[in-house]
Number of protein chains: 2
Amino acid sequence: MTASTLVPVFAALGDDTRWSILAALGRADASASALAEVLPVSRQAIAKHLAVLQDVRLVEPVRVGREVRYRVLGSQLTETARRLDLIGAQWDRRLATIKQIAEDLEIE
Amino acid sequence: MTASTLVPVFAALGDDTRWSILAALGRADASASALAEVLPVSRQAIAKHLAVLQDVRLVEPVRVGREVRYRVLGSQLTETARRLDLIGAQWDRRLATIKQIAEDLEIE
DNA sequence: GCGAACTGCAACTAAAAAGTTGCAATCGAG
DNA sequence: CTCGATTGCAACTTTTTAGTTGCAGTTCGC
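Bear in mind that the values here come from a model prediction, so they are computed numbers and not experimental data.

Let's shift gears to the protein's contact with DNA strand D. The local shell around DNA strand D holds 19 residues, among which Ser42, Lys48 and His49 of chain A together with Ser33 and Arg66 of chain B are the closest. Restricting the count to atoms of DNA strand D within 4 Å of the protein gives a sugar and phosphate share of 44%. Here a phosphate oxygen of DNA strand D sits 2.6 Å away from a polar atom, N or O, in the side chain of Ser42 of chain A. Here Ser31 of chain B contributes a side-chain N or O atom positioned 3.5 Å from a phosphate oxygen of DNA strand D. Element by element, the count of residues in the surface near DNA strand D is highest for helix H4 (residues 43-55) of chain A, at 4 residues. Considering only residue class, the surface near DNA strand D consists of 3 nonpolar, 8 polar and 8 charged.

The subject of this paragraph is the interface of chain B and chain A. Facing the 32 residues of chain B at the interface are 32 residues of chain A. With both sides pooled, the region where chain B packs onto chain A buries about 2700 Å², and carbon together with sulfur makes up 71% of that total. Broken down residue by residue, the surface that chain B buries against chain A is led by Leu84, Trp91 and Arg94 of chain B, which jointly contribute 25%. The interface formed by chain B and chain A includes 0 salt bridges.

A separate point is the nonpolar core. One finds Leu13, Trp19 and Leu25 of chain A together with Leu13, Trp19 and Leu25 of chain B to be the most contacted residues of the largest nonpolar core, which totals 57 residues. The residues contacting Leu13 of chain A, other than those within four sequence positions of it, are Trp19, Leu22, Leu58 and Leu77 of chain A together with Val7, Phe10 and Leu84 of chain B.

The next subject is the sheet that holds strand S1 (residues 30-31) of chain B. Strands in a sheet are paired, the pairing made by backbone hydrogen bonds, and the direction either parallel or antiparallel. All names here are of chain B. What the 3 strands build is an open sheet, ordered S1-S3-S2; its pairing is antiparallel. With partners counted over all chains shown, the strands left at the sheet margins are S1 and strand S2 (59-64), one partner each. As paired strands, S1 and strand S3 (residues 67-72) are joined by 2 bridges and run antiparallel to one another. Directly across from Ala30, in S3, lies its bridge partner Tyr70.

Basis of the calculations
- Position numbers for residues start from 1 in each chain and track the written sequence from start to end.
- Working convention: letters from A go to chains and numbers from 1 go to ligands, in the order in which they are written.
- Thresholds applied to this predicted model are a pLDDT of at least 70 for local features of residues and 80 or more for the giving and counting of side-chain atom pairs; totals over whole chains, interfaces and linings are not thresholded and use all residues.
- With hydrogens and water stripped out, all remaining heavy atoms of the structure feed into the side-chain values.
- Summary of the distance rule: residues count as near a molecule or strand when at least one heavy atom falls within 4 Å of that molecule or strand.
- Polar contact is the term for a pair of N or O atoms within 3.5 Å; when the atoms are in protein, one must be able to donate a hydrogen and the other to accept it, and sequence-neighboring residues count only if both atoms are side-chain atoms.
- By definition, any uninterrupted DSSP run of H or I lasting at least four residues is a helix, any uninterrupted run of E lasting at least two residues is a strand, and each is numbered from the N terminus.
- Each residue gets one of three labels, nonpolar for Ala, Val, Leu, Ile, Met, Phe, Trp, Tyr, Cys and Pro, charged for Asp, Glu, Lys and Arg, and polar for the others, Gly among them.
- Residues are treated as being in contact if the distance between any of their heavy atoms lies within 4.5 Å.
- What gets called buried area is simply the loss in accessible area from a 1.4 Å probe that two parts show on being joined, summed for both.
- We count a salt bridge whenever a side-chain nitrogen from Lys or Arg sits within 4 Å of a carboxyl oxygen from Asp or Glu.
- Take the buried Ala, Val, Leu, Ile, Met, Phe, Trp, Tyr and Cys residues and link them wherever side-chain atoms come within 4.5 Å; each set so joined is a nonpolar core.
- A simple rule labels every residue: compare its accessible area, found with a 1.4 Å probe on the protein chains alone, to the largest value its type can have, and call it buried under 20%, exposed over 50%, or partly exposed in between.
- Any two strands with at least two DSSP-identified bridges between them are counted as paired.

This is the structure we're talking about:
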């Protein structure tokens with residue numbers, strides 16, 4: 001996974017409707033039609049959201065007879081979390097360094 | 001931090017320009033004007049982005065004389081990563097359970 | 001084979017977000 | 001005190017995205 005793929009994942013996660021979809025899929029795999037019966041948007045809207053989620057590997061389609069069920073992929077979320085943590089740690093390290101320098105200066 | 005604050009953080013992180021800003025701030029604190037000299041957008045556009053980032057506590061303003069420098073906050077990123085990891089683990093656990101059940105059924 | 005259930009594609013509308021320009025207000029340095 | 005640098009506010013345009021409706025294509029069950 002390269003850095004260029006990280007931002008689209010966040011863009012995908014930055015929408016309430018998509019989280020509703022992910023939450024529903026977190027309980028059980030479901031098709032776009034099935035999700036449309038639960039959520040307050042049309043099936044086509046859900047299909048578009050699923051396409052977005054599939055593009056960033058947050059869900060994957062599973063054909064079951066004539067319907068296409070979607071499965072949520074925790075691995076992408078875990079991987080994203082790991083990378084986010086690294087970046088956050090870097091920033092904190094720089095701030096800690098600055099703070100340390102400031103304290104050293106005060107002592108002198 | 002409540003769940004309702006999580007989605008806006010992702011929305012904030014789902015934009016390339018904001019990542020450019022965060023990357024620049026990751027190297028050194030800077031004002032909107034200073035950032036505008038480096039990035040290919042106007043100062044006002046950057047000011048809006050900084051407001052978005054500040055709303056979700058990814059940066060915080062620091063007055064230095066007549067200018068307002070912004071500091072990146074790693075803690076928010078770390079916290080977000082932690083929560084993301086928990087959710088991903090939940091999903092993976094469900095999938096593992098399902099897989100286990102499927103395997104058990106095959107044996108019988 | 002035929003009808004019903006599902007999916008997929010396309011065009012369109014509406015709302016949100018990114019970016020711009022222009023101007024007023026503020027504050028420091030000389 | 002005054003000039004220049006910097007920030008803040010407002011109106012506007014453009015682009016993107018979320019959502020809709022309508023229709024065509026597939027495939028399963030009877």
